Amino acid sequence: SVQERTYIMVKPDGVQRGLVGKIITRFEERGYKLIALKLVQATPEHLEKHYADLSARPFFPGLIKYMASGPVVGMVWQGLDAVKTGRAILGTTNPLQSPIGTIRGDFCLATGRNICHGSDTVENAEKEITLWFPEGVAQWTSALETWVFE
Ligand code: DAT
Ligand code: MG
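Residues numbered from 1 in each chain as written. Chains lettered and ligands numbered in written order. Predicted model: local features only at pLDDT ≥ 70, side-chain atom pairs only at ≥ 80, totals over all residues. Heavy atoms only, no water.

**Concerning the side chain of His117**
Inclusion rule: Numbering of helices and strands runs from the N terminus; a helix is a DSSP stretch of H or I covering at least four residues, while a strand is a stretch of E covering at least two. Distance and chemistry together define a polar contact, namely a pair of N or O atoms within 3.5 Å, with one atom able to donate a hydrogen and the other to accept it when in protein, and with adjacent residues in sequence counting only for side-chain atoms on both sides. The criterion used for residue contact is that any of the two residues' heavy atoms lie within 4.5 Å.
As for its placement among the helices and strands, His117 is situated in strand S4 (residues 116-118). Of the polar contacts made by the side chain of His117, one reaches the side chain of Glu128; its length is 3.0 Å. Once residues lying within four places of it in the same chain are set aside, the contact partners of His117 are Tyr7, Ile8, Met9, Lys11, His50, Tyr51, Leu90, Arg104 and Glu128.

Given below as structure tokens:
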């Protein structure tokens, strides 16, 4: 649906490497609407909630440490097929397998330093949006909307 929303996050390595603008640009240029944005130093407790599904995995402690190592930029993007297309814009979890033209395929090399996060299902997107933006998101009409959607 045109109202579909996804949670996209620039991880600490993406922020440190100065890639925030490039990542935002890819979603803007594709036609998605930005409805929430913040830079935040997340706590390990908050990140453990975000990655709760992965808590039994061997890489979990390292993942939490990496994600808490500096500020992240969280955002919510809205538009047609935002979750699945958002994941396509990011690329695959392992950057070495990610096609050129995807964010991970263009800007990184290691799974444990893959610079960005994107929700994997509509249900998880809504959970992640609530976790990272409990204050809610913006509602605004984009002047581009009638030029991007029929
Ligand atoms: P994605 O971020 O593509 O949704 P995921 O949800 O399976 O991938 O895992 C979350 C993050 O955890 C991923 O971006 C990087 C890290 N990760 C996943 N698998 C890993 C592995 N085998 N070794 C190290 N880090 C891993
Ligand atoms: Mg995931």
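Still more ground to cover, so stick around.
**Thoughts on the site of ligand 1**
Counted only if it meets this: A cutoff of 4 Å decides nearness: a residue is near a molecule or strand if any of its heavy atoms lies inside that distance of it. Throughout, the Shrake-Rupley method with a 1.4 Å probe supplies accessible areas, and for residues the shown protein chains are the sole cover considered. Classification convention: Asp, Glu, Lys, Arg as charged; Ala, Val, Leu, Ile, Met, Phe, Trp, Tyr, Cys, Pro as nonpolar; all other residues, Gly among them, as polar.
Close contacts around ligand 1 come from Lys11, Tyr51, Leu54, Phe59, Leu63, Arg87, Thr93, Arg104, Thr111 and Asn114, and that covers them all. Lys11 has a polar side-chain atom sitting 2.9 Å from an oxygen atom of ligand 1. Thr93 places a side-chain nitrogen or oxygen 2.5 Å from an oxygen atom of ligand 1. With the chains in place, 71% of the 520 Å² that ligand 1 exposes on its own is no longer accessible. Residues belonging to the shell around ligand 1 are distributed by class as follows: 4 nonpolar, 3 polar and 3 charged.

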